[in-house]
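# Overview (structure and organization)
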Amino acid sequence: MKRNSLQRKAVGLLLAGAIMICVQPNLAYAEDNLACAEEMQMQTKSVSPMYVQSNRCQMRLDFSGRTAKCQALIRGKRGTTKISGLLKLYDNTAGRQVASWAVSESSSYYSGTKTATVKKGHSYKLSFSGKVYGKNDKTGEAISSSTSGKS
């Protein structure tokens, strides 16, 4: 009876030891895993959408004195028939819209540059929101892009 009891205790201790050995390496790598998870989280903050009908929707905002140069480049995939939308320049500092321009192009490519008068030292946001239409697409695919800068 004592022998069975001792065997059970020995088996229990061996199992507990085996569990501790298996768990210990995981604890040692927990800090590395946390750092990796934080890095992955930072990368997901810059996720770009995957579009079906468009290849690129890119904005560029440059300043020269009191003039903002607002550039938009929208490229549709093969079969794109129309690009339309609204390009807006917003003054983040003053909290108001500075200018907006309608975009309408009956092709698979739009590249345009607009200018607006701005105030020195203010922060601005240039954004495009619109649709790209395919050959048989009546509703279009929504696309958007934006960029910010300081004059």
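Residues numbered from 1 in each chain as written. Predicted model: local features only at pLDDT ≥ 70, side-chain atom pairs only at ≥ 80, totals over all residues. Heavy atoms only, no water.

A count of helices and strands for the protein chain gives 2 helices and 7 strands. Listing every helix and strand of the protein chain by position from the N terminus yields α-α-β-β-β-β-β-β-β. Per-residue burial over the protein chain gives 25% buried out of 151 residues. Here the analysis covers contacts within the protein chain between residues at least 6 apart in sequence; of these, 62% occur between residues at least 24 apart. Just so you have it, the protein chain exposes about 10800 Å², and 52% of that area is on carbon and sulfur atoms. (Helix = DSSP H or I, 4+ residues; strand = E, 2+ residues; numbered from the N terminus. Buried < 20%, exposed > 50% of the residue type's maximum accessible area, 1.4 Å probe, protein only. Contact = heavy atoms within 4.5 Å. Areas by Shrake-Rupley, 256 points an atom, 1.4 Å probe, with all protein chains shown as cover.)

What follows concerns the confidence of the model for the protein chain. Per-residue pLDDT for the protein chain averages 81, and the proportion of residues at 70 or more is 75%. The least confident element of the protein chain, judged by mean pLDDT, is helix H2 (residues 30–44) at 51; the most confident is strand S4 (residues 96–105) at 96. Low pLDDT, under 50, characterises residues 42–47; the stretch is placed with 0 contacts to residues that sit more than four places away or in other chains. (pLDDT = per-residue confidence, 0-100.)

Here the focus is the sheet that holds S4. With respect to topology, 4 strands assemble into an open sheet ordered S4-S3-S6-S7, the strand pairing being antiparallel. Of all the strands in the sheet, the pair left with one neighbour each is S4 and strand S7 (141–150). Neighbour-to-neighbour, the strand axes of the sheet open up by a mean angle of 15°, direction not taken into account. Where strand S3 (residues 80–91) and strand S6 (residues 123–134) come together, 11 bridges link them in antiparallel fashion. Note on S6: the bridge partner recorded for Leu 89 is Leu 126. (Pairing = 2+ DSSP bridges. Axes fitted to C-alpha atoms, helices over the stretch in contact; angles between N-to-C directions.)

Here the focus is the side chain of Ser 84. Tracing the sequence through the fold places Ser 84 in strand S3. Using a relative accessible area of 16% as the deciding quantity, one classes Ser 84 as buried. Apart from residues no more than four positions distant in its own chain, Ser 84 is found in contact with Val 103, Ser 104, Phe 128, Gly 130, Lys 131 and Tyr 133.

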